[in-house]
Amino acid sequence: MRYASRTGNAASAATDCLVVPRAAAPGLAAAMGVADEVGLVLEGTRGKAGAVAKVFLKGRPSRLLIVGGERTDADADADAKLADFRRDAKAAATAIAALDVADATICVDDFDAGSGNTYWKTRTALAAVSHATYRFTPYKSDKPKAAELRRLGVLSRQRTQTRRAVDHAQALDEGLALAKDLGNQPPNVCNPTFLAREARRLTRGVDNATTTVLDERKMSELGMGAFLAVTHGTATPAKMIIVNYRGGSPGDQPVVLVGKGITFDTGGINIKASAGMDEMKWDMCGAASVLGAAKAAISAQLPINLIVMAAAAENMPGGRASRPSDIVTTMSGQTVEIMNTDAEGRLVLCDALTYALRFKPAAVVDIATLTGAQVVALGSHASALYANDDSLADALSSAGDTAGDRMWRMPLWDDYQSALDSAFADLKNVGSGRAAGSITAACFLSRFTKDYPWAHLDIAGSAYVGGKGSTGRPLPALFEYLIGAAS
């Protein structure tokens, strides 16, 4: 998909399809000389947020999409208008994706989004189209019909805001496509070696970005005993994948993003129930999202230094697999009693978070499909946010609100830490019982992040939709956060 900023008169726009709000449709129709055709459609349809009325015209444009309803300032506050615009953008995107047109134009100036400016409206509309037009079909013999849309323009008088928004939307679209594709690959294809190859491809030919991959021998030399405990039972070697993007000044501290990349999670010796185990191919969506963030940052050439780390491994049972009650030594020197081999994500992450310290980070954010408890607590609408730094937490939460990729801050109180006490090691890898499972997992990670501002995003409920595929979340929020950190 190619996005573009456009200027000029909507009535004479050279496009196959025009997208306008209901309030602006009569005036535009009169200017185009199609007032009768549009009037009949308006009379026969009911306007409301998220509604789309289609008008088929002769010539070009051949389609007019009339979106939303008519609300006055008196019955809609700023937040309601923002919400209405999101619904209108999603509905319009779905309709555009289903049309047999190659080019469409959205008249963003005509939409009232309350406090949302042209930049926000453009980003929101184009993100909706990115999601609506995404397809994953490489393994289909009889491939579903792809969206015809190839070009999408945004018509606005605010040239500077629009061009900046289009550039950022284009970069996010490329990052989302990568993150979703990686997440949707089958686990017999997408293993740690595959992820490493895709990361190397990401930085090939890019002057200010490099990819480094640590193999198991190097991880053993570094003392990553927790990470390696996860991969003992599999024939597929683990990888620590590191993408270094140098878009900022040489002396600027980098932001570090760390993604859990368990390319398939059987649970190990604590094997999962068979029902739903197919969804465990998505246990690497944290790694997919951070690699997508690297792709987006590189594409947008954000003025920021960024380190992306994907902790990639398979968790399989086998003769060499870790057992419940094994004790391992982490890279930090702390010992961990593995009480449950299905709590493997925190084991690969704790060594990755220790390794991140060598980059002298401005902030570290880890992203992981870490706990079923997160799904119980928040469902699929919000990712769980934990942090040891209020400023970092506020920045991430604000970025999520702006991007429509929300997160909810959860407690990280010392009261929960005692659940990790072990009689035989420094700590256990799970708490006692099922209570507060997402919180105790975050508490575990917090033991390895005391030397820098850190946040943890548990995305178990938001990263994918069972039977449908990867959502790419929380990449929209991460990219928004990186834009803010770079400014």
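Higher on the page you've got the structure.
All figures in this text were calculated on a predicted structure; none of them were measured in a lab.

A. Structural context of the nonpolar core. Core analysis: the biggest nonpolar cluster contains 65 residues, and Leu-257, Val-365 and Leu-482 have the highest contact counts within it. Ranked by residue count, the leading element in this core is helix H9 (residues 285-300), at 10 residues. When residues no more than four places from it in sequence are discounted, the contact partners of Val-365 are Val-256, Leu-257, Val-258, Leu-392, Leu-396, Ala-455, Leu-457 and Leu-478. Counting 46 residues, the second-largest nonpolar core is a separate cluster that includes Val-256, Val-258, Tyr-355 and Leu-427.

B. Expanded view of helix H1 (residues 25-32). Turning to H1, its buried residues number three or more, namely Ala-25, Leu-28, Ala-29 and Met-32. Along the axis of H1, the buried residues cluster in a sector spanning 100°; they form a single face. In H1, the exposed positions that point more than 90 degrees away from the buried face belong to Ala-30 and Ala-31. Just downstream of H1, Gly-33 is the residue with a positive phi angle, here 75°.

C. Representation of the environment of Ala-92 within the structure. The residue Ala-92 is located in helix H3 (residues 78-98) in this model. Residue class for Ala-92 comes out buried when judged on its relative accessible area of 5%. For the pair Ala-92 and Gly-50, spaced 42 residues apart in sequence, the C-alpha separation works out to 7.8 Å. In this view, Ala-92 contacts Val-19, Val-52, Leu-65 and Val-67; residues no more than four positions away in its chain are not counted.

D. Region of the structure containing helix H2 (residues 35-44). Considered for burial, the residues of H2 that qualify are Val-38, Val-41 and Leu-42. On an axial view of H2, the arc spanned by its buried residues comes to 100°, and they lie on one face. Projecting away from the buried face of H2 at angles above 90 degrees are the exposed residues Asp-36, Leu-40, Glu-43 and Gly-44. Contact partners of the buried residues in H2: H1, strand E3 (52-56) and strand E4 (63-67).

E. Up close: the pairing of strand E17 (residues 454-458). Burial runs high along E17: five of the five residues are buried. Of the two faces of E17, the one lined by Trp-454, His-456 and Asp-458 and the one lined by Ala-455 and Leu-457 are each fully buried. Inspection of the sheet shows strand E13 (residues 363-368) paired to E17 by five bridges, in the parallel sense. Opposite Asp-366, over in E17, you have His-456 as the bridge partner. In this structure, strand E14 (residues 383-387) lies alongside E17, joined through four bridges in antiparallel fashion. Residue pairing for E17: Tyr-386 is matched across the bridge by His-456.

Criteria and thresholds
- Residues numbered from 1 in each chain as written.
- Predicted model: local features only at pLDDT ≥ 70, side-chain atom pairs only at ≥ 80, totals over all residues.
- Heavy atoms only, no water.
- Core = buried A, V, L, I, M, F, W, Y, C linked by side-chain atoms within 4.5 Å.
- Buried < 20%, exposed > 50% of the residue type's maximum accessible area, 1.4 Å probe, protein only.
- Helix = DSSP H or I, 4+ residues; strand = E, 2+ residues; numbered from the N terminus.
- Contact = heavy atoms within 4.5 Å.
- Arc of directions from axis to C-beta.
- Pairing = 2+ DSSP bridges.

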